[in-house]
There are 2 protein chains.
Amino acid sequence: MELYSGYITKLIEELSALPGIGEKSASRLAFHLIHLPKAKVERLANTMIQAKEHVQYCKECYTLTDSEICPVCANEKRDHSTIMVLENIRDLAAYEKIGKYAGVYHVLHGAISPMMGIGPSDIKLKELLKRLQGEVKEVIIATNSSLEGETTAMYISKIIKPMGVKVTRIASGVPVGGDLEYIDEVTLLRALEGRIEL
Amino acid sequence: MELYSGYITKLIEELSALPGIGEKSASRLAFHLIHLPKAKVERLANTMIQAKEHVQYCKECYTLTDSEICPVCANEKRDHSTIMVLENIRDLAAYEKIGKYAGVYHVLHGAISPMMGIGPSDIKLKELLKRLQGEVKEVIIATNSSLEGETTAMYISKIIKPMGVKVTRIASGVPVGGDLEYIDEVTLLRALEGRIEL
(Lines give C-alpha, C1' and ligand atoms only; values in the text may rest on other atoms or scores of the structure.)
Protein backbone atom coordinates (compact mmCIF):
# COMPACT_ATOMS: atom_id res chain seq x y z
CA MET A 1 0.00 0.00 0.00
CA GLU A 2 1.01 3.58 -0.43
CA LEU A 3 2.70 4.89 2.71
CA TYR A 4 2.19 8.55 1.99
CA SER A 5 0.01 10.67 -0.24
CA GLY A 6 0.57 10.11 -3.96
CA TYR A 7 1.97 13.62 -4.30
CA ILE A 8 4.52 13.02 -1.57
CA THR A 9 5.50 9.63 -2.98
CA LYS A 10 6.11 11.25 -6.35
CA LEU A 11 8.13 14.07 -4.79
CA ILE A 12 10.25 11.62 -2.79
CA GLU A 13 10.82 9.60 -5.94
CA GLU A 14 12.02 12.60 -7.91
CA LEU A 15 14.20 13.89 -5.09
CA SER A 16 15.88 10.49 -4.63
CA ALA A 17 16.95 10.64 -8.26
CA LEU A 18 19.24 13.58 -7.40
CA PRO A 19 22.91 12.82 -6.71
CA GLY A 20 23.83 12.10 -3.10
CA ILE A 21 20.21 11.91 -1.98
CA GLY A 22 18.99 8.53 -0.82
CA GLU A 23 15.44 7.52 -0.01
CA LYS A 24 15.67 8.65 3.62
CA SER A 25 17.06 12.10 2.84
CA ALA A 26 14.53 12.44 0.04
CA SER A 27 11.62 11.82 2.41
CA ARG A 28 13.09 14.21 4.98
CA LEU A 29 13.41 16.84 2.25
CA ALA A 30 9.91 16.18 0.95
CA PHE A 31 8.33 16.64 4.38
CA HIS A 32 10.39 19.75 4.91
CA LEU A 33 9.10 21.17 1.63
CA ILE A 34 5.51 20.33 2.52
CA HIS A 35 5.86 22.21 5.79
CA LEU A 36 7.44 25.29 4.20
CA PRO A 37 5.21 28.28 3.35
CA LYS A 38 3.78 28.01 -0.16
CA ALA A 39 5.66 31.11 -1.32
CA LYS A 40 9.04 29.58 -0.37
CA VAL A 41 8.36 26.36 -2.25
CA GLU A 42 7.33 28.34 -5.32
CA ARG A 43 10.45 30.48 -5.05
CA LEU A 44 12.71 27.43 -4.93
CA ALA A 45 10.87 25.84 -7.85
CA ASN A 46 11.17 29.03 -9.90
CA THR A 47 14.85 29.46 -9.06
CA MET A 48 15.48 25.97 -10.41
CA ILE A 49 13.62 26.66 -13.65
CA GLN A 50 15.22 30.08 -14.09
CA ALA A 51 18.72 28.78 -13.52
CA LYS A 52 18.10 26.04 -16.07
CA GLU A 53 16.74 28.56 -18.57
CA HIS A 54 19.33 31.31 -18.27
CA VAL A 55 22.57 29.56 -17.50
CA GLN A 56 24.78 28.55 -20.41
CA TYR A 57 28.37 27.55 -21.11
CA CYS A 58 30.90 30.36 -21.51
CA LYS A 59 31.92 30.31 -25.18
CA GLU A 60 35.57 30.57 -24.13
CA CYS A 61 36.23 28.45 -21.07
CA TYR A 62 33.02 26.37 -20.76
CA THR A 63 32.21 27.32 -17.22
CA LEU A 64 28.54 28.06 -16.56
CA THR A 65 27.49 31.68 -16.84
CA ASP A 66 24.52 33.98 -17.50
CA SER A 67 26.10 35.63 -20.51
CA GLU A 68 27.95 34.54 -23.67
CA ILE A 69 31.32 35.08 -22.00
CA CYS A 70 31.88 34.49 -18.28
CA PRO A 71 33.13 37.31 -15.99
CA VAL A 72 36.63 35.79 -15.78
CA CYS A 73 37.07 35.52 -19.56
CA ALA A 74 35.52 38.97 -20.05
CA ASN A 75 37.92 40.53 -17.54
CA GLU A 76 40.72 42.26 -19.43
CA LYS A 77 42.86 42.44 -16.32
CA ARG A 78 43.20 38.64 -16.23
CA ASP A 79 46.18 37.09 -17.96
CA HIS A 80 44.66 35.46 -21.04
CA SER A 81 47.94 33.80 -22.00
CA THR A 82 47.77 31.41 -19.05
CA ILE A 83 45.01 28.79 -19.02
CA MET A 84 44.30 26.53 -16.05
CA VAL A 85 42.61 23.31 -17.13
CA LEU A 86 40.13 21.82 -14.66
CA GLU A 87 37.78 18.85 -14.57
CA ASN A 88 34.71 20.70 -13.40
CA ILE A 89 33.24 24.00 -12.31
CA ARG A 90 33.48 23.24 -8.61
CA ASP A 91 37.26 22.93 -9.02
CA LEU A 92 37.27 26.30 -10.77
CA ALA A 93 35.35 27.79 -7.88
CA ALA A 94 37.87 26.31 -5.44
CA TYR A 95 40.75 28.15 -7.15
CA GLU A 96 38.75 31.31 -7.80
CA LYS A 97 37.84 31.48 -4.10
CA ILE A 98 41.51 31.89 -3.18
CA GLY A 99 41.66 34.89 -5.49
CA LYS A 100 45.39 34.47 -6.19
CA TYR A 101 45.25 33.08 -9.72
CA ALA A 102 45.31 35.80 -12.35
CA GLY A 103 45.01 33.68 -15.50
CA VAL A 104 41.92 32.25 -17.14
CA TYR A 105 40.38 28.78 -16.98
CA HIS A 106 39.21 25.94 -19.17
CA VAL A 107 36.66 23.47 -17.84
CA LEU A 108 36.88 19.98 -19.38
CA HIS A 109 33.59 18.75 -17.87
CA GLY A 110 35.05 15.38 -17.05
CA ALA A 111 38.25 13.39 -17.25
CA ILE A 112 39.41 10.64 -19.57
CA SER A 113 38.41 7.27 -18.10
CA PRO A 114 38.74 4.18 -20.29
CA MET A 115 37.06 2.21 -17.49
CA MET A 116 33.92 4.35 -17.74
CA GLY A 117 34.15 4.61 -21.51
CA ILE A 118 34.95 8.34 -21.40
CA GLY A 119 37.40 9.21 -24.16
CA PRO A 120 39.15 12.44 -25.20
CA SER A 121 36.23 13.37 -27.44
CA ASP A 122 33.78 13.22 -24.52
CA ILE A 123 35.40 16.12 -22.68
CA LYS A 124 35.93 19.72 -23.84
CA LEU A 125 39.43 18.97 -25.18
CA LYS A 126 39.20 20.06 -28.80
CA GLU A 127 37.73 23.32 -27.50
CA LEU A 128 40.93 23.74 -25.44
CA LEU A 129 43.16 23.01 -28.44
CA LYS A 130 41.26 25.60 -30.44
CA ARG A 131 42.04 28.22 -27.80
CA LEU A 132 45.75 27.44 -28.06
CA GLN A 133 45.79 28.88 -31.57
CA GLY A 134 45.66 32.28 -29.86
CA GLU A 135 48.51 33.75 -27.80
CA VAL A 136 48.69 31.18 -25.04
CA LYS A 137 52.02 30.81 -23.24
CA GLU A 138 51.24 28.32 -20.50
CA VAL A 139 48.68 25.63 -19.82
CA ILE A 140 48.45 24.62 -16.16
CA ILE A 141 46.82 21.22 -15.83
CA ALA A 142 44.87 21.12 -12.58
CA THR A 143 42.86 17.95 -13.08
CA ASN A 144 42.33 15.85 -9.96
CA SER A 145 45.10 13.72 -8.55
CA SER A 146 43.07 10.58 -9.29
CA LEU A 147 43.79 7.91 -11.90
CA GLU A 148 41.44 9.63 -14.36
CA GLY A 149 42.84 13.06 -13.60
CA GLU A 150 46.43 11.88 -14.10
CA THR A 151 45.56 10.08 -17.32
CA THR A 152 43.89 13.22 -18.62
CA ALA A 153 46.89 15.36 -17.62
CA MET A 154 49.33 13.02 -19.41
CA TYR A 155 47.16 12.87 -22.51
CA ILE A 156 46.74 16.63 -22.76
CA SER A 157 50.43 17.35 -22.15
CA LYS A 158 51.42 14.91 -24.92
CA ILE A 159 49.21 16.77 -27.39
CA ILE A 160 50.04 20.31 -26.32
CA LYS A 161 53.82 20.10 -25.82
CA PRO A 162 54.58 19.64 -29.56
CA MET A 163 52.61 22.83 -30.18
CA GLY A 164 55.34 24.78 -28.38
CA VAL A 165 53.16 25.76 -25.43
CA LYS A 166 54.54 25.38 -21.90
CA VAL A 167 52.57 22.71 -20.02
CA THR A 168 52.69 22.49 -16.22
CA ARG A 169 50.92 20.34 -13.63
CA ILE A 170 49.91 21.52 -10.16
CA ALA A 171 52.14 19.95 -7.49
CA SER A 172 51.09 16.87 -5.65
CA GLY A 173 52.42 16.15 -2.19
CA VAL A 174 51.57 16.23 1.48
CA PRO A 175 48.59 18.55 2.11
CA VAL A 176 49.36 21.49 4.39
CA GLY A 177 48.58 20.48 7.96
CA GLY A 178 48.67 16.82 6.90
CA ASP A 179 50.15 14.25 9.25
CA LEU A 180 52.74 12.11 7.42
CA GLU A 181 51.69 9.09 9.41
CA TYR A 182 48.24 9.04 7.79
CA ILE A 183 49.25 9.80 4.22
CA ASP A 184 49.32 7.11 1.56
CA GLU A 185 52.55 5.83 0.05
CA VAL A 186 52.02 7.26 -3.41
CA THR A 187 51.55 10.75 -2.02
CA LEU A 188 54.62 10.40 0.20
CA LEU A 189 56.68 9.31 -2.80
CA ARG A 190 55.35 12.20 -4.88
CA ALA A 191 56.19 14.62 -2.10
CA LEU A 192 59.74 13.26 -2.01
CA GLU A 193 60.18 13.39 -5.77
CA GLY A 194 58.80 16.91 -5.91
CA ARG A 195 60.97 18.24 -3.05
CA ILE A 196 62.23 21.80 -3.44
CA GLU A 197 65.39 23.40 -2.14
CA LEU A 198 64.97 25.70 0.85
CA MET B 1 33.66 38.31 -6.68
CA GLU B 2 30.86 36.04 -7.77
CA LEU B 3 32.18 32.53 -8.41
CA TYR B 4 29.28 31.35 -10.52
CA SER B 5 26.46 32.87 -12.48
CA GLY B 6 23.97 34.83 -10.37
CA TYR B 7 21.27 32.26 -11.10
CA ILE B 8 23.46 29.43 -9.87
CA THR B 9 24.51 31.33 -6.76
CA LYS B 10 20.84 31.93 -5.94
CA LEU B 11 19.98 28.27 -6.55
CA ILE B 12 22.86 27.08 -4.36
CA GLU B 13 21.75 29.50 -1.66
CA GLU B 14 18.18 28.22 -1.67
CA LEU B 15 19.22 24.58 -1.80
CA SER B 16 21.61 25.00 1.15
CA ALA B 17 18.67 26.21 3.22
CA LEU B 18 17.15 22.72 3.01
CA PRO B 19 17.78 20.34 5.93
CA GLY B 20 20.88 18.14 5.67
CA ILE B 21 22.21 19.99 2.64
CA GLY B 22 25.42 21.93 3.15
CA GLU B 23 27.07 24.33 0.73
CA LYS B 24 29.04 21.60 -1.06
CA SER B 25 26.05 19.31 -1.62
CA ALA B 26 23.99 22.32 -2.66
CA SER B 27 26.47 23.25 -5.38
CA ARG B 28 26.69 19.62 -6.52
CA LEU B 29 22.89 19.54 -6.72
CA ALA B 30 22.71 22.88 -8.50
CA PHE B 31 25.15 21.79 -11.21
CA HIS B 32 23.30 18.53 -11.56
CA LEU B 33 20.04 20.41 -12.09
CA ILE B 34 21.64 22.72 -14.66
CA HIS B 35 22.82 19.70 -16.61
CA LEU B 36 19.44 17.94 -16.54
CA PRO B 37 17.09 18.30 -19.53
CA LYS B 38 14.77 21.29 -19.13
CA ALA B 39 11.68 19.08 -18.99
CA LYS B 40 13.03 17.16 -15.99
CA VAL B 41 13.80 20.31 -14.03
CA GLU B 42 10.31 21.63 -14.75
CA ARG B 43 8.80 18.32 -13.67
CA LEU B 44 10.66 18.39 -10.36
CA ALA B 45 9.69 22.02 -9.79
CA ASN B 46 6.05 21.27 -10.55
CA THR B 47 6.02 18.19 -8.36
CA MET B 48 7.21 20.34 -5.47
CA ILE B 49 4.53 22.95 -6.02
CA GLN B 50 1.78 20.37 -6.53
CA ALA B 51 2.71 18.44 -3.42
CA LYS B 52 2.65 21.67 -1.43
CA GLU B 53 -0.74 22.60 -2.89
CA HIS B 54 -2.58 19.32 -2.58
CA VAL B 55 -1.20 17.69 0.51
CA GLN B 56 -2.96 18.32 3.81
CA TYR B 57 -3.21 16.88 7.30
CA CYS B 58 -5.58 13.96 7.81
CA LYS B 59 -8.42 15.30 9.99
CA GLU B 60 -8.17 12.21 12.19
CA CYS B 61 -4.52 11.26 12.68
CA TYR B 62 -2.65 14.28 11.29
CA THR B 63 -0.52 12.39 8.85
CA LEU B 64 -0.13 14.05 5.45
CA THR B 65 -2.59 12.97 2.80
CA ASP B 66 -4.28 14.08 -0.45
CA SER B 67 -7.78 13.79 0.96
CA GLU B 68 -9.62 14.87 4.14
CA ILE B 69 -9.07 11.47 5.74
CA CYS B 70 -5.93 9.40 5.08
CA PRO B 71 -6.17 5.86 3.63
CA VAL B 72 -5.37 4.26 7.00
CA CYS B 73 -8.09 6.15 8.89
CA ALA B 74 -10.54 5.61 6.03
CA ASN B 75 -9.90 1.85 6.03
CA GLU B 76 -12.72 0.12 7.92
CA LYS B 77 -10.71 -3.06 8.26
CA ARG B 78 -8.20 -1.32 10.53
CA ASP B 79 -8.79 -1.51 14.27
CA HIS B 80 -9.90 2.01 15.17
CA SER B 81 -9.86 1.24 18.89
CA THR B 82 -6.05 1.04 18.96
CA ILE B 83 -4.06 4.21 18.32
CA MET B 84 -0.29 4.25 17.90
CA VAL B 85 1.14 7.66 18.79
CA LEU B 86 4.23 8.74 16.83
CA GLU B 87 6.44 11.80 16.65
CA ASN B 88 6.42 12.18 12.90
CA ILE B 89 5.24 10.80 9.60
CA ARG B 90 8.51 9.03 8.79
CA ASP B 91 8.02 6.96 11.94
CA LEU B 92 4.50 6.13 10.78
CA ALA B 93 5.91 5.03 7.43
CA ALA B 94 8.47 2.84 9.20
CA TYR B 95 5.71 0.91 11.01
CA GLU B 96 3.35 0.90 8.05
CA LYS B 97 6.09 -0.60 5.86
CA ILE B 98 6.18 -3.71 8.04
CA GLY B 99 2.48 -4.14 7.38
CA LYS B 100 1.86 -5.97 10.68
CA TYR B 101 0.12 -3.24 12.65
CA ALA B 102 -3.64 -3.31 12.22
CA GLY B 103 -4.59 -0.29 14.32
CA VAL B 104 -4.61 3.39 13.41
CA TYR B 105 -2.09 6.13 14.09
CA HIS B 106 -1.76 9.58 15.59
CA VAL B 107 1.08 11.84 14.54
CA LEU B 108 2.17 14.38 17.16
CA HIS B 109 4.43 16.36 14.82
CA GLY B 110 7.13 16.73 17.40
CA ALA B 111 7.95 15.81 20.97
CA ILE B 112 7.88 17.76 24.21
CA SER B 113 11.26 19.39 24.73
CA PRO B 114 11.60 21.99 27.50
CA MET B 115 15.18 22.62 26.26
CA MET B 116 13.90 23.68 22.84
CA GLY B 117 10.86 25.44 24.27
CA ILE B 118 8.43 22.88 22.82
CA GLY B 119 5.56 22.30 25.22
CA PRO B 120 2.51 20.00 25.15
CA SER B 121 0.48 22.65 23.30
CA ASP B 122 3.02 22.74 20.45
CA ILE B 123 2.35 19.16 19.40
CA LYS B 124 -0.91 17.54 18.27
CA LEU B 125 -1.75 16.37 21.78
CA LYS B 126 -5.18 17.90 22.40
CA GLU B 127 -6.18 16.44 19.02
CA LEU B 128 -5.21 13.01 20.40
CA LEU B 129 -7.19 13.55 23.61
CA LYS B 130 -10.22 14.51 21.53
CA ARG B 131 -10.01 11.19 19.69
CA LEU B 132 -10.06 9.30 23.00
CA GLN B 133 -13.63 10.41 23.57
CA GLY B 134 -14.56 7.78 20.97
CA GLU B 135 -14.24 4.04 21.55
CA VAL B 136 -10.50 3.77 22.05
CA LYS B 137 -9.23 0.81 24.05
CA GLU B 138 -5.46 1.17 23.78
CA VAL B 139 -2.96 3.90 23.09
CA ILE B 140 0.47 2.60 22.09
CA ILE B 141 3.10 5.30 22.61
CA ALA B 142 5.78 4.88 19.96
CA THR B 143 7.67 8.13 20.37
CA ASN B 144 11.45 7.89 19.95
CA SER B 145 13.63 6.44 22.65
CA SER B 146 15.30 9.84 23.12
CA LEU B 147 15.01 12.18 26.10
CA GLU B 148 12.27 14.14 24.32
CA GLY B 149 10.47 11.00 23.20
CA GLU B 150 10.52 9.54 26.73
CA THR B 151 9.36 12.81 28.26
CA THR B 152 6.48 12.94 25.81
CA ALA B 153 5.58 9.31 26.50
CA MET B 154 5.50 9.92 30.27
CA TYR B 155 3.46 13.10 29.90
CA ILE B 156 0.88 11.49 27.63
CA SER B 157 0.52 8.38 29.77
CA LYS B 158 -0.06 10.52 32.88
CA ILE B 159 -2.92 12.31 31.16
CA ILE B 160 -4.50 9.33 29.47
CA LYS B 161 -4.35 6.69 32.21
CA PRO B 162 -6.92 8.43 34.46
CA MET B 163 -9.30 8.38 31.47
CA GLY B 164 -9.46 4.58 31.78
CA VAL B 165 -7.69 3.91 28.51
CA LYS B 166 -4.91 1.30 28.41
CA VAL B 167 -1.58 2.98 27.66
CA THR B 168 1.42 0.97 26.44
CA ARG B 169 4.93 1.87 25.32
CA ILE B 170 6.88 0.04 22.61
CA ALA B 171 9.71 -2.03 24.13
CA SER B 172 13.20 -0.68 24.34
CA GLY B 173 16.15 -3.05 24.40
CA VAL B 174 18.93 -4.51 22.32
CA PRO B 175 18.16 -4.16 18.60
CA VAL B 176 17.88 -7.45 16.71
CA GLY B 177 21.30 -8.31 15.31
CA GLY B 178 22.89 -5.85 17.73
CA ASP B 179 26.20 -6.71 19.31
CA LEU B 180 26.00 -6.29 23.12
CA GLU B 181 29.56 -5.03 23.19
CA TYR B 182 28.66 -1.90 21.25
CA ILE B 183 25.41 -1.06 22.97
CA ASP B 184 25.16 1.77 25.48
CA GLU B 185 24.60 1.13 29.18
CA VAL B 186 21.11 2.58 29.36
CA THR B 187 19.89 0.30 26.57
CA LEU B 188 21.54 -2.72 28.22
CA LEU B 189 19.83 -1.86 31.50
CA ARG B 190 16.48 -1.43 29.77
CA ALA B 191 16.90 -4.75 28.01
CA LEU B 192 17.58 -6.40 31.38
CA GLU B 193 14.63 -4.75 33.10
CA GLY B 194 12.33 -5.64 30.24
CA ARG B 195 13.42 -9.29 30.05
CA ILE B 196 10.70 -11.80 29.24
CA GLU B 197 10.36 -15.42 30.26
CA LEU B 198 11.14 -18.00 27.60
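A brief report on the enclosed structure follows. Since this is a predicted model, take the numbers as computed values, not measurements. (Residues numbered from 1 in each chain as written. Chains lettered and ligands numbered in written order. Predicted model: local features only at pLDDT ≥ 70, side-chain atom pairs only at ≥ 80, totals over all residues. Heavy atoms only, no water.)

1. Some remarks on the relation of the copies chain A and chain B
Between the two copies of the chain lies a relationship made up of a rotation around an axis and a movement along it.
Inference 1: When chain A is fitted to chain B, the best match, at an RMSD of 0.1 Å, comes from turning it 180 degrees and sliding it 0.1 Å along the axis. The operation mapping one copy onto its partner corresponds to a two-fold rotation axis. Judged by C-alpha distance, A45(A) is the residue of chain A that lies nearest the rotation axis, at 2.2 Å.
Inference 2: Most of the interface of chain A is mirrored in chain B, where 100% of its interface residues are also at the interface. (Least-squares fit on C-alpha atoms with pLDDT ≥ 70 in both. Contact = heavy atoms within 4.5 Å.)

2. Re the side chain of T152(A)
Inference 1: With respect to the helices, strands and loops of the structure, T152(A) is situated in helix α7 (residues 147–160).
Inference 2: In this structure, T152(A) is in contact with L108(A), A111(A), I112(A), I123(A) and T143(A), ignoring residues within four places of it in sequence. (Helix = DSSP H or I, 4+ residues; strand = E, 2+ residues; numbered from the N terminus.)

3. A short note on the sheet that holds strand β3 (residues 79–86) of chain B
Residue and element names in this part refer to chain B.
Inference 1: Taken in spatial order, the four strands line up as β4-β3-β5-β6 in an open sheet, and their pairing is parallel. Every interior strand has two partners, whereas the edge strands, β4 (103–107) and β6 (166–169), have only one. Going across the sheet, the axis of each strand differs from the next one's by a mean of 25 degrees, ignoring polarity.
Inference 2: The sheet contact formed by strand β5 (residues 138–141) and β6 spans four bridges and is parallel. If you follow E138 over to β6, its bridge partner there is K166.
Inference 3: Each of β3 and β4 touches helix α5 (residues 89–98); the most contacted strand, β4, lies at about 160 degrees to it. (Pairing = 2+ DSSP bridges. Axes fitted to C-alpha atoms, helices over the stretch in contact; angles between N-to-C directions.)

4. Notes on the interface of chain A and chain B
Inference 1: Every contact between the two is made by 53 residues of chain A and, on the other side, 53 residues of chain B.
Inference 2: For the pair chain A and chain B, the two sides together bury roughly 5200 Å², of which 73% comes from carbon and sulfur.
Inference 3: Connecting chain A to chain B are 14 residue pairs in polar contact (both at pLDDT 80 or more).
Inference 4: Of all the elements in the fold, those that place two or more residues in the side of chain A that touches chain B are α1 (6–16), α2 (23–35), α3 (38–54), β2 (64–65) and α5 (89–98) of chain A.
Inference 5: For the side of chain A that touches chain B, the leading source of residues is α3(A), giving 14 residues.
Inference 6: Classifying every residue of the side of chain A that touches chain B by side-chain character gives 29 nonpolar, 11 polar and 13 charged. (Buried area = accessible area lost by both parts, 1.4 Å probe. Polar contact = N/O pair within 3.5 Å; in protein donor to acceptor, adjacent residues only side chain to side chain. Nonpolar A, V, L, I, M, F, W, Y, C, P; charged D, E, K, R; others polar.)

5. Side note on unusual backbone geometry
Inference 1: Here the phi dihedral of H109(A) falls at roughly 60 degrees; this positive angle occurs in a residue that is not glycine.
Inference 2: Turning to its location among the elements, H109(A) is positioned in the loop between β4 (103–107) and α6 (125–131).
Inference 3: Positive phi, normally seen in glycine, also occurs at Y62(B), with a value near 65 degrees.
Inference 4: In this structure Y62(B) comes out as buried when scored by relative accessible area, which is 17%. (Buried < 20%, exposed > 50% of the residue type's maximum accessible area, 1.4 Å probe, protein only.)

6. Looking at the environment of R190(A)
Residue and element names in this part refer to chain A.
Inference 1: Its location among the elements puts R190 in helix α8 (residues 185–193).
Inference 2: With relative accessibility at 28%, the residue R190 sits in the partly exposed group.
Inference 3: For R190 and G173, which are 17 residues apart along the polypeptide, the C-alpha to C-alpha distance reads 5.6 Å.
Inference 4: Beyond its immediate sequence surroundings of up to four residues, R190 is in contact with S145, E150 and S172.

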